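Breakdown of the fold
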Amino acid sequence: MDSMEIIDSASNFYLSNPIVASLAIATVVTIVIIAYDVLKNATGKSQKSTATVRELNIYPIKSCSEVEVPSAAVTPRGFRNDRIFQVVSKVDGKWKFCTPRDKAFEKLFHVKPLLVVDREGIKLKLSSVHRRGALVLDLEDAVTSPLATTVMGYNYLPMADYGDAVADWLGDATGIDGARLVGIPPGDGNFRRDVIVNEDQGEELPAGGKAFPMSLGDEAPFLLTTRESMYDLNARLKSSGEDEVDMRRFRPNIVIDGLLPWEEDSLKRIRIGSVEFHVWQRCGRCTMTTIDRDTLRRGGEPLKTLSTFRERKNGQRNFGMHLIPSLGVEGAVGISVGDKVEILEYDDDRRAEWMRLGKPATEKKSWLNFLKECPFK
């Protein structure tokens, strides 16, 4: 009997004995964690991981489609050109941000922004399946006017309105009445927006609790997810007869592989290439994850399934981790697909919670099956 037959026999035994399977999963996961901790304590240092960057995304316009890139420049606010624009409309006489959480704004997901750099400067090109013909906006020659609007419903901030032509195009493409494209004022070093602490997560800001800047993202400059957690979530969806979802539902900036499922919860500091990040706040997911990016169909998943094994107190159903770059990053340093991810420090409390909430298998799968089937191992 070869090794794969042995694994299959063990798997069949566990499938017919769910209680034994659950105990086996818990035992194997515990042994893995204990072995790691023993090694860490013996050396006094965290071990280098085999994690690798597999995908990088920027979202030039908040709530619109992603742009996958091979490399990206890191700035204190996030990747260069990430979430520097947003679409707004007037509600009760005041300008407010538009989000696909509201069904009336869901076609924003189908707006594809592309930043084109050539000899003549930088241009923003917009296209959509709902609008014939693309629009090209010359950002260097664009005439802007000031407009104060909310970002994520918080305080009003001074933004730059990019004019009627792009506004008319967006209105046609999205059906949003009175849509305007606004952005962080170009060349405005005084624009300041700080990270948002989610009180329900209970995460303290790193580095003594000082404020950290970000662009127009929801809570932090960067969001990291892992392929293994995506694979595990989809295994759970399939086992309950639901359709799989793709990573676009979670809008990450950095996607890595090489960790155990949900192990990203336990990280505290990492280094990607030469850039060090604080792995700060867990990302609680909202109804945006329940919208199919192609059909715009809405449903209960993946939130329903996340609630069965990832829900913390205060109702936070987490997928992914918010990152804050360490001090000294000024945009001259980039990271690339293929870069190695070095784990510099773990968070002991989150590591314990990871073991409790994120056992890396469904009730119908053994840990052996996960290792056998996961394509990233």
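Everything that follows concerns the structure shown earlier in this document.
Below or above, wherever it landed, is the structure these notes cover. Bear in mind that the values here come from a model prediction, so they are computed numbers and not experimental data.

About the criteria used
- Residues numbered from 1 in each chain as written.
- Predicted model: local features only at pLDDT ≥ 70, side-chain atom pairs only at ≥ 80, totals over all residues.
- Heavy atoms only, no water.
- Pairing = 2+ DSSP bridges.
- Helix = DSSP H or I, 4+ residues; strand = E, 2+ residues; numbered from the N terminus.
- Axes fitted to C-alpha atoms, helices over the stretch in contact; angles between N-to-C directions.
- Buried < 20%, exposed > 50% of the residue type's maximum accessible area, 1.4 Å probe, protein only.
- Phe/Tyr/Trp six-rings, centres within 6.5 Å; stacked < 30°, edge-to-face > 60°.
- Salt bridge = Lys/Arg side-chain N within 4 Å of Asp/Glu carboxyl O.

**Things to note about the sheet that holds strand β17 (residues 318–325)**
The eight strands are arranged β2-β1-β14-β13-β17-β16-β15-β19 in an open sheet whose pairing can be described as mixed. If you trace the sheet from one side to the other, it starts and ends with β2 (67–69) and β19 (341–346), each paired once. Neighbour-to-neighbour, the strand axes of this sheet turn through a mean angle of 35°, independent of strand direction. Sheet topology note: the strand β15 (residues 267–272)/β19 ladder contains five bridges and is antiparallel. If you follow Ile 272 over to β19, its bridge partner there is Val 341.

**Notes on unusual backbone geometry**
Pro 302 follows Glu 301 through a cis peptide bond whose omega is 10°. In this structure, Pro 302 sits in the loop between β16 (275–284) and α5 (303–309). For Ser 63, which is not a glycine, the phi torsion comes out positive at approximately 75°. Looking at where Ser 63 falls in the secondary structure, it is placed in the loop between β1 (52–58) and β2. The class of Ser 63 is buried, set by a relative accessible area of 6%.

**Things to note about the packing of aromatic side chains**
Evaluated as defined, the whole model comprises six aromatic pairs. Here the aromatic rings of Phe 250 and Phe 319 are separated by 3.9 Å at their centres, their planes lie at 10°, and the arrangement is stacked. Of this pair, Phe 250 sits in the loop between α4 (227–239) and β14 (254–257) while Phe 319 sits in strand β17, and the two are 69 residues apart along the sequence. Considered together, Phe 250 and Phe 319 belong to a single accessibility category, that of buried residues.

**Re the pattern of salt bridges**
For the coordinates displayed, the defined rule picks out 29 salt bridges. Across the pair Asp 161 and Arg 180 runs a salt bridge, and its minimum N-O distance is 3.0 Å. Here Asp 161 is found in strand β11 (residues 156–161), whereas its partner Arg 180 is found in strand β12 (residues 180–183), with 19 residues between them in sequence. On the accessibility criterion, Asp 161 (5% relative accessible area) is buried. For Lys 268, the salt bridge is made with Glu 345, and the minimal N-O distance between the two is 3.6 Å. Here the residue Lys 268 occupies a position in strand β15, and Glu 345 occupies one in strand β19, the gap between them amounting to 77 residues. You can call Lys 268 partly exposed: its relative accessible area is 37%.

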